[in-house]
Amino acid sequence: GDSVTQMEGPVTLSEEAFLTINCTYTATGYPSLFWYVQYPGEGLQLLLKATKADDKGSNKGFEATYRKETTSFHLEKGSVQVSDSAVYFCALSPRGYGNNRLAFGKGNQVVVIP
Amino acid sequence: NAGVTQTPKFRVLKTGQSMTLLCAQDMNHEYMYWYRQDPGMGLRLIHYSVGEGTTAKGEVPDGYNVSRLKKQNFLLGLESAAPSQTSVYFCASSYSPGQGYEQYFGPGTRLTVT
């Protein structure tokens with residue numbers, strides 16, 4: 001079935017460091033891909049998305065490119081801030097589904113140290 | 001514009017008790033969803049609805065029931081709570097089933113079953 005795999009474990013880094021969170025997916029056809037962010041004590045909110053191969057989603061300095069050949073959608077940010085500390089979820093919406101279901105990865109806790 | 005709201009925010013139940021979680025959205029969205037979030041598991045879909053009066057099972061529906069009597073409300077019921085249902089519950093809604101449409105999430109309900 002359709003699934004999303006995120007790299008294991010929390011990510012701890014210093015302010016202004018470069019952030020990469022890996023995401024790979026398994027799906028039939030060409031799904032839409034999303035990154036959601038969850039700040040402490042809050043619900044999830046959309047960070048960025050891409051709906052077809054080679055699309056680049058970007059928002060708040062974060063970027064991710066839909067790579068069909070490697071079935072990946074890695075999240076990157078060039079210079080993180082303490083305010084970027086949150087849990088980040090990769091998700092996909094399978095093509096052809098009539099209900100817009102999302103399949104989520106397990107999430108990565110990101111902690112940015114001043 | 002409140003978006004997606006959930007009631008209550010916190011609840012503690014004893015095993016065997018029942019309760020209903022209420023989700024409300026003011027965006028006139030057709031599609032609504034209930035997820036549960038457990039540590040290291042990401043979000044898993046419990047039930048969803050593609051319109052008023054319709055509901056369907058998601059990935060982990062056992063022990064839960066839902067109703068969508070009004071377009072703006074989606075209720076999640078636990079008839080006989082079990083400790084395995086201790087979790088954070090998120091409601092979400094989306095405008096369309098089409099690819100690329102984001103889901104909007106509520107702030108969550110933290111449920112503890114003792």
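Numbering of residues begins from 1 in every chain and follows the order in which that chain's sequence is written. A letter from A marks each chain and a number from 1 marks each ligand, given out in the order of writing. Only residues with pLDDT of at least 70 get local features here, since the model is predicted, and only at 80 or more are side-chain atom pairs given and counted; chain-wide, interface and lining totals rely on the full set of residues. The side-chain numbers reported here are obtained from all heavy atoms of the structure, hydrogens and water having been left aside.

Brief notes about the overall build of chain A
Working step 1: Strands are runs of DSSP state E lasting at least 2 residues, helices are runs of H or I lasting at least 4, and numbering of each runs from the N terminus. In terms of helices and strands, chain A carries zero helices and 12 strands.
Working step 2: Along the chain direction, N to C, the helices and strands of chain A fall in the order β-β-β-β-β-β-β-β-β-β-β-β.
Working step 3: We compute the radius of gyration over the C-alpha atoms and compare it with the globule rule, which gives 2.2 Å times the number of residues raised to the power 0.38. For chain A, whose C-alpha radius of gyration is 14 Å, the value lies close to the compact-globule estimate of 13 Å for 114 residues.
Working step 4: For the C-alpha atoms alone, the extent of chain A along its principal axes is close to 45 × 30 × 25 Å.
Working step 5: Relative to its 114 residues, chain A shows a buried fraction of 47%. Only protein chains enter the calculation, and the probe is 1.4 Å; a residue is then buried if its accessible area is under 20% of its type maximum, exposed if over 50%, and partly exposed in between.

Brief notes about the sheet that holds strand E9 (residues 75–77) of chain A
Residue and element names in this part refer to chain A.
Working step 1: One open sheet holds the four strands; their spatial order is E3-E9-E8-E7, and the pairing between them is antiparallel. The sheet is open, and its two borders are formed by strand E3 (19–21) and strand E7 (56–59), each paired with just one other strand. On average, each strand axis in the sheet is inclined to that of its neighbour by 15°, with strand direction left out of account.
Working step 2: Relative to E9, E3 runs antiparallel, the two sharing three bridges. Pairing of Thr20 across the sheet is with Glu76, part of E9. One requirement defines pairing of two strands: DSSP has to find at least two bridges between them. Comment: axis = line fitted to C-alpha atoms, over the contacting stretch for helices; angle = value between 0 and 180 degrees taken between N-to-C directions.

Re the interface of chain A and chain B
Working step 1: When checking whether two residues touch, look at their non-hydrogen atoms; a contact exists if any pair is within 4.5 Å. At the interface, 26 residues of chain A touch 25 residues of chain B.
Working step 2: Buried area: the accessible surface (1.4 Å probe) lost by two parts on joining, summed over both. Approximately 1900 Å² of surface area, both sides summed, lies buried where chain A meets chain B, with 49% of it carried by carbon and sulfur atoms.
Working step 3: Between N or O atoms, a polar contact is any pair within 3.5 Å; within protein, one atom must be a potential hydrogen donor and the other a potential acceptor, and residues adjacent in sequence are included only when both atoms are from side chains. For the interface between chain A and chain B, the tally reads two residue pairs in polar contact (both at pLDDT 80 or more).
Working step 4: Elements with a minimum of two residues in the side of chain A that touches chain B: strand E5 (32–38), strand E6 (44–50) and strand E10 (86–93) of chain A.
Working step 5: Take the side of chain A that touches chain B: its biggest share by element is four residues, from E5 of chain A.
Working step 6: Note on residue categories: nonpolar means Ala, Val, Leu, Ile, Met, Phe, Trp, Tyr, Cys or Pro, charged means Asp, Glu, Lys or Arg, and polar means any other residue, Gly included. Its residues assigned to classes, the side of chain A that touches chain B shows 11 nonpolar, 10 polar and five charged.

Some points on the pairing of strand E1 (residues 4–7) of chain B
Residues and elements named next belong to chain B.
Working step 1: Going residue by residue along E1, you find Val4 and Gln6 tucked away on one face and Thr5 and Thr7 left uncovered on the opposite face.
Working step 2: Pairing of E1 with strand E3 (residues 19–25) involves four bridges; the strand directions are antiparallel. The residue of E3 that forms the bridge with Thr7 is Leu22.

Thoughts on the pattern of salt bridges
Working step 1: Here, a salt bridge means any side-chain nitrogen of Lys or Arg that lies within 4 Å of a carboxyl oxygen of Asp or Glu. Taken as a whole and judged by the stated rule, the model has six salt bridges over all chains.
Working step 2: The closest approach of N and O atoms between Asp55 of chain A and Lys52 of chain A, which form a salt bridge, is 3.4 Å.
Working step 3: Close ionic contact of Arg36 of chain B with Asp38 of chain B constitutes a salt bridge, the shortest N to O distance being 2.9 Å.
Working step 4: Owing to a relative accessible area of 9%, Arg36 of chain B belongs among the buried residues under this scheme.
Working step 5: A single salt-bridge network, built from bridges that share partners, covers Arg36, Asp38 and Arg44 of chain B.

Thoughts on the side chain of Lys77 of chain A
Working step 1: Relative to the helices and strands, Lys77 of chain A resides in strand E9.
Working step 2: At 3.5 Å, the side chain of Lys77 of chain A forms a polar contact with the backbone oxygen of Lys60 of chain A.

So, the packing of aromatic side chains
Working step 1: A pair of Phe, Tyr and Trp rings is counted when the ring centres sit within 6.5 Å of each other, with Trp represented by its six-membered ring. The angle between the planes then sorts it: under 30 degrees is stacked, over 60 is edge-to-face, the rest tilted. Scanning the model with the defined rule gives 11 aromatic pairs over all chains in all.
Working step 2: Measuring from centroid to centroid gives 6.2 Å for Phe104 of chain A and Phe105 of chain B, while their planes differ by 75°, and the two rings are edge-to-face. With Phe104 of chain A in strand E11 (residues 103–104) and Phe105 of chain B in strand E10 (residues 104–105), this pair bridges two chains. The same class applies to Phe104 of chain A as to Phe105 of chain B, namely buried.
Working step 3: Among the aromatic residues, ring-to-ring pairing joins Phe34, Tyr36, Phe89 and Phe104 of chain A together with Tyr33, Tyr35 and Phe105 of chain B into one connected group.

As for the side chain of Gln38 of chain A
Working step 1: Within the secondary structure, Gln38 of chain A sits in strand E5.
Working step 2: Classification of Gln38 of chain A as buried rests on a relative accessible area of 10%.
Working step 3: A distance of 3.0 Å separates a polar side-chain atom of Gln38 of chain A from the backbone oxygen of Glu42 of chain A.
Working step 4: With sequence-adjacent residues up to four places away left out, Gln38 of chain A is seen in contact with Gly43, Leu44, Ala86, Val87 and Phe89 of chain A together with Gln37 and Phe90 of chain B.

Re the state of the cysteines
By definition, a disulfide links two cysteine residues through a covalent bond between their sulfur atoms.
Working step 1: We call a pair of cysteine sulfur atoms a disulfide when they lie within 2.5 Å. Under the counting rule described, the total for this entry stands at two disulfides over all chains.
Working step 2: At a sulfur-sulfur separation of 1.9 Å, the disulfide partner of Cys23 of chain A is Cys90 of chain A. Disulfide Cys23 of chain A-Cys90 of chain A: torsion about the S-S bond near -65°, hence left-handed. In this pair, Cys23 of chain A is assigned in strand E4 (residues 23–26) and Cys90 of chain A in strand E10, connecting sequence segments 67 residues apart.
Working step 3: On the accessibility criterion, Cys23 of chain A (1% relative accessible area) is buried.
Working step 4: Here Cys23 of chain B engages in a disulfide with Cys91 of chain B; their sulfurs sit 1.9 Å apart. Judged by the sign of its S-S torsion, about -75°, the bond between Cys23 of chain B and Cys91 of chain B is left-handed. Taken together, the residues Cys23 of chain B in strand E3 and Cys91 of chain B in strand E9 (residues 87–94) connect sequence positions 68 residues apart. For the pair Cys23 of chain B and Cys91 of chain B, one class covers both residues: buried.

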